[in-house]
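Listed here are the chains, written in short residue letters.
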Amino acid sequence: MMEFSIWDLIRNLGVGAAWTLGLSLTAFVLGGVVGLLVLAARVGPWPRLNRLAKAYIVVFQGTPLLMQLFLVFFGIALAGVDVPAWLAAAIGLTLFTSAYLAEIWRGCVEAIPKGQWEAAASLALSWGEQLREVILPQALRIAVAPTMGFSVQVVKGTAVTSIIGFAELTKTGSILANATFQPFLVYGLVALGYFLLCFPLSRFAARLERTFHARSH
Amino acid sequence: MLVRIDGLHKHFGANHVLKGIDLRVKEGEVVALIGRSGSGKSTLLRSINGLETFDDGLVEVDGERLHADQTDLRALRLKVGMVFQQFNLFPHLSVGRNVMLAPRTVRQTSVAECESLARAMLAKVGLADKFDAYPDQLSGGQQQRVAIARALAMQPKVLLCDEITSALDPELVNEVLATVRQLASEGMTLIMVTHEMRFAREVSDQLVFMHQGRVHESGDPKDLFAAPQTAELAAFLGAVG
């Protein structure tokens, strides 16, 4: 059996953590872009698209992330396309993230008084201009805290991608735990890794929230 | 005729709120819509720029027609300005930016031109020095005057005023009414829903009394105030003093 020093563990877990971070960033950025589109579909003046977006959100919020990953991973494979685990993980998490962000942001958009839409509309701004120039800048301020809060959920959510074999932090941890017979030490380090990723995000969210509150314009 | 409304009908569910409204407004005319709450006057006003949809009838402003179910409202809204009871200034933008937003976004006027336009409009309502202030730093009366300047910056053919002094403290009402009076004297076409009866009598050319979704009585304000022809208008004027 191979001997692992504590440094070997940390070095290997570091690589896994980097994958976790990369996957989180990918899911968050792509999920944000898709989420913005879903948001527009959800709140825009198109009844049919509204219902579709609502269904999208309900489906992704109403099923476990793990099932979504399985469906993406095995579903695409069923169509004859071989999906690598990292791609399935990225797609699954992006869909999941987009649904949650769209719903969080919808709440923020709906918190803006109706009079703001009406004033912008009466100035002949199109719906998209009303959203872009008047509603979103105001909604952004209230969206910062819940959005950053959700980003912590995304980081922790990446752990389930270990089940389809993506070698992020948790998967790396379970491999090392099996190889070293020291699960408590290894998973302790894994937990520490997640904490080191998530804690700065929480702090950053709190700081952003204070800045946005202090600067009222 | 600058504004023509023909046979306007609207339902809110089972509630028939506009029961066939006809209205004509000439260029430069000031029209005051009065009536009890629920009489349909705000709904009628909001139909003129498409903030309220209607079920049947026609609205036409300066040749721009609006039918029931129409979704493209841009051409109409370029001709119609609106001022709201709750001001509805954009809180994230400075006063100057509030006024500049629509000319910049919709008409794509250059920033420099927008700025001089905004300064001119703010000077018109007596707030030239507030260009860089934010709405929450202004009094209600000042905010409402900014809202007027913002609407005027789009050079509308007609300005709709929806109870624009109702949310103001009593001592701030007059500065806003003075601004409206000045616009009227400059020949701006105005349609206003108001509870300020004395102001309506002094400033308007046409008084429209709405009752249960219909134009119950209309005409020269001096005649109507002196000798209302219907019991309902007499009762209304008696009630509001």
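> So what's going on with the overall build of chain A? Residues and values would help.
A tally of regular secondary structure across chain A gives eight helices and zero strands. If one aligns the C-alpha atoms of chain A with their principal axes, the spans along those axes are about 75 × 50 × 20 Å. Counting only residues that meet the buried cut, chain A has 44% of its 217 residues in that class. Residue pairs at least 24 apart in sequence account for 72% of intrachain contacts in chain A once pairs closer than 6 positions are excluded. Put simply, chain A shows about 11300 Å² of open surface, and 71% of that area lies on carbon and sulfur atoms. Side-chain charges of chain A comprise 15 positive and 10 negative groups, with the mean position of each set lying 7 Å from the other.

> Outline the environment of E168 of chain A, listing residues and values.
Residues and elements named next belong to chain A. Structurally, E168 is set in the loop between α6 (127-157) and α7 (169-180). Accessibility expressed as a relative area gives 0% for E168, which makes it buried. For the pair formed by E168 and F28, sequence separation is 140 residues and the distance between their alpha carbons is 16 Å. Beyond its immediate stretch of four places on either side in the chain, E168 contacts G16, W19, T20, T158, A159, T161, S162 and Y194. There is a polar contact of 3.1 Å between the side chain of E168 and the side chain of Y194.

> Can you explain the layout of surface pockets? Please cite residues and give values.
Approximately 960 Å³ is the volume attributed to the largest pocket. Lining of the largest pocket is provided by 31 residues; of these, P45, W127 and Q130 of chain A together with L73 and R77 of chain B occupy positions nearest its centre. Where the lining of the largest pocket is concerned, the elements lending two or more residues are α4 (85-110), α5 (114-122) and α6 of chain A together with β5 (64-67) and α2 (74-77) of chain B. When the residues that make up the lining of the largest pocket are grouped by side-chain class, the tally is 14 nonpolar, eight polar and nine charged. Within this model, the second largest pocket holds a volume of roughly 250 Å³. Around the second largest pocket, the lining comprises 13 residues; the ones closest to its centre are L36, W105, L140, A143 and T147 of chain A. Of all elements in the fold, only α1 (6-43), α4 and α6 of chain A reach the threshold of two or more residues within the lining of the second largest pocket. Per-element accounting of the lining of the second largest pocket gives the leading share, seven residues, to α6 of chain A. Residue classes in the lining of the second largest pocket are distributed as 12 nonpolar, one polar and no charged.

> So what's going on with the interface of chain B and chain A? Which residues, and what values?
On the side of chain A, 20 residues touch chain B, which itself brings 24 residues to the contact. In total, chain B and chain A occlude about 1800 Å² of area from one another, counting both sides; carbon and sulfur atoms represent 62% of this. At the boundary of chain B and chain A, one finds two salt bridges. For the salt bridge of R74 of chain B with E129 of chain A, the shortest nitrogen-to-oxygen distance reads 3.0 Å. For the pair chain B and chain A, the number of links is six residue pairs in polar contact (both at pLDDT 80 or more). Going through the elements one at a time, α2, β6 (80-83), α3 (95-105) and α5 (140-152) of chain B are the ones with two or more residues in the side of chain B that touches chain A. With three residues, the single largest contributor to the side of chain B that touches chain A is α3 of chain B.

> Please give an account of empty space enclosed by the protein that cites residues and values.
Summed over all chains, the structure comprises one cavity of 30 Å³ or more. For the largest cavity, the calculated volume is near 40 Å³. Lining the largest cavity are S122, L123 and A124 of chain A together with R77, L78, V80, G81, A151, M154 and P156 of chain B.

> Give a detailed account of the sheet that holds β5 of chain B, specifying residues and quantitative values.
Working definition: the strands of a sheet are paired by backbone hydrogen bonds and lie parallel or antiparallel to each other. Residues and elements named next belong to chain B. Read from one edge of the open sheet, four strands run β2-β1-β4-β5, paired in antiparallel fashion. The open sheet is flanked by β2 (15-25) and β5, the only strands paired with a single partner. Taken over all neighbouring pairs, the strand axes of this sheet differ in orientation by 20° on average, direction set aside. With four bridges joining them, strand β4 (residues 56-61) and β5 adopt antiparallel strand pairing. Residue pairing in the sheet places E60 in a bridge with R65 of β5.

How each quantity is defined
Residues numbered from 1 in each chain as written. Chains lettered and ligands numbered in written order. Predicted model: local features only at pLDDT ≥ 70, side-chain atom pairs only at ≥ 80, totals over all residues. Heavy atoms only, no water. Helix = DSSP H or I, 4+ residues; strand = E, 2+ residues; numbered from the N terminus. Buried < 20%, exposed > 50% of the residue type's maximum accessible area, 1.4 Å probe, protein only. Contact = heavy atoms within 4.5 Å. Areas by Shrake-Rupley, 256 points an atom, 1.4 Å probe, with all protein chains shown as cover. Lys, Arg positive; Asp, Glu negative; His and termini not counted. Charge placed at Lys NZ, Arg CZ, Asp CG, Glu CD. Polar contact = N/O pair within 3.5 Å; in protein donor to acceptor, adjacent residues only side chain to side chain. 1 Å grid on protein atoms, 1.4 Å probe; cavity = no way out; pocket = protein on both sides within 12 Å on 5 of 7 lines; lining within 4 Å. Points joined across faces, edges and corners; volume = space filled by probe spheres on them. Nonpolar A, V, L, I, M, F, W, Y, C, P; charged D, E, K, R; others polar. Buried area = accessible area lost by both parts, 1.4 Å probe. Salt bridge = Lys/Arg side-chain N within 4 Å of Asp/Glu carboxyl O. Pairing = 2+ DSSP bridges. Axes fitted to C-alpha atoms, helices over the stretch in contact; angles between N-to-C directions.

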